[in-house]
Each structure stands twice: as structure tokens, then as C-alpha cells.
Amino acid sequence: MYIIAGLGNPGKQYAHTRHNVGFDTLDILEENYHIPIEGKKFKALYGQGYLNGQKVLLVKPQTYMNLSGESLRAFVDYFKIDPKEELIVIYDDISLEPGQLRIRAKGSAGGHNGIKNIIANLGDTFKRVKVGVGEKPKGYDLADYVLSHFSKAERELVEDAMERAADAVALITAGEMDKAMNEYNKKVEK
């Protein structure tokens, strides 16, 4: 079984912000694979279903970004999954331009507080699907930037990237991690 976690912040004021691309990508998986995210457990919303014949849990931690690892730790422990093999985390990355993806089998937090908390709770060997949201402009506060909304042009690029992120997750759950990295880590022309 795979746990596919999309990171974000709960609440209408955070909907569709840069920091919530993980939640938005899970919405695409929910729709494409008919896995309703209606359950509540371990401080998260979740849905259970199948993706490419693999049993999956779609999980949206509701702890706010900085405590995402606490919720995911409870899911990992309860369902007895191996984070290295069966945990995929989808989240925003300010070091990538809007529309770009970066898939990794493991790595550092790269300054992302949600990922820092997951690493603190589960180690650093889980699979990651990073969705580019663009670099913070000079003079901007980082928190204000990641909680801001996209311009119309950026949103179109990010919508496309989230669709590709959902496709990449499907490949990963089919055991095709290398293929997902080869196909989706390429720079996408605007």
C-alpha cells in the first residue's frame, strides 16, 4: 500500500496558494482515480482506493504545514508501511520555476518546513514530487510569498505541472520510479 501525501494548509484563506499545490495535486488524483477524500483520521483528511491496481491512501494533513510529519507518522505506524518504499509526498518548491517538476527518491528539506517536520518524524528516504511555484522576489517575506496566490499565467503553468505530477505519482505506484524521474524531471518550455 502507498501513502500519497499532499502538503498544504487547511482553511479557505490558503486554498490554491503556492504552499497548497500538494493539496491541489491530490484533488486531481481524487478526481482522476475516483478516490473520495472524505475520511478523517490522525489529524488529516484521507481517502482510500486503488491506483494502477495498488491500494493507496490519499492524505491531506490538517496540522498546518509545519507539523505535517506528525500526521504522516501516525498513518505510517498505523498502516505499517515502509516510508522508503511506500510514502510519496507532493509539495511546493520555490527553487523551481512555475510549471517545473522535480522527482526524487530521497533528499534534504531544502528549507521547506513541512518536509523538515516529516524528516524529523520519518527520516529522509521517502519519495518526493516537487511542484515548482517560483522563486521569492527580492524584498518579499518567504511566508507571505508561499501563502500568496499565483498570477493567471503562473496558475496555468502550475495547473499543467500538477496534472503531470499526478501522472508521475501513478508511474511511481506502478513501480516505475526511474521512469517517472526520467520523464518528468525534464525542463518544460513555457
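Quick note: structure is the one above.
Predicted model, so just to flag it, every value in this text is computed and none were measured.

(A) Local environment of helix α6 (residues 152–173). Across its 22 residues, α6 extends 32 Å between first and last C-alpha, which sits within 8% of the 32 Å expected from 1.5 Å per residue. A positive backbone phi angle near 85° is found at Gly175, which sits one or two residues after α6.

(B) Geometry of the pattern of salt bridges. As enumerated under the stated definition, the model contains 8 salt bridges in all. Note that Asp27 and Lys60 form a salt bridge whose closest N and O atoms lie 2.5 Å from each other. Separated by 33 residues along the polypeptide, Asp27 in helix α1 (residues 21–33) and Lys60 in strand β4 (residues 54–61) bring together distant segments of the chain. A residue is classified by how much of its surface remains accessible, and Asp27, at 28% relative accessible area, is partly exposed. Across the salt bridge formed by Arg164 and Asp160, the nearest N and O atoms sit 3.0 Å from each other. Taken together, the positions of Arg164 and Asp160, both in helix α6 and 4 residues apart, correspond to about one turn of that helix.

(C) Here's a closer look at the nonpolar core. Within the largest apolar cluster, 32 residues are counted, with the highest numbers of intra-cluster contacts made by Ile4, Leu29, Ile90, Ile103, Val129 and Val131. Mapped by element, the contributors of at least two residues to this core are β1 (2–6), α1, β4, β5 (87–93), β6 (101–104), β7 (127–132), α6 and α7 (177–184). The biggest single contributor to this core is α6, with 10 residues. In contact with Ile103, not counting residues within four places along its chain, are Arg128, Val129, Ala168, Ile172, Met177, Ala180, Met181, Tyr184 and Asn185. In this structure, Val76, Phe79, Ile81 and Ile118 belong to the second largest nonpolar core, which totals 21 residues.

Conventions we followed
- Residues numbered from 1 in each chain as written.
- Predicted model: local features only at pLDDT ≥ 70, side-chain atom pairs only at ≥ 80, totals over all residues.
- Heavy atoms only, no water.
- Helix = DSSP H or I, 4+ residues; strand = E, 2+ residues; numbered from the N terminus.
- Expected span 1.5 Å × (residues − 1).
- Salt bridge = Lys/Arg side-chain N within 4 Å of Asp/Glu carboxyl O.
- Buried < 20%, exposed > 50% of the residue type's maximum accessible area, 1.4 Å probe, protein only.
- Core = buried A, V, L, I, M, F, W, Y, C linked by side-chain atoms within 4.5 Å.
- Contact = heavy atoms within 4.5 Å.

Nothing here speaks to function; it is geometry throughout.
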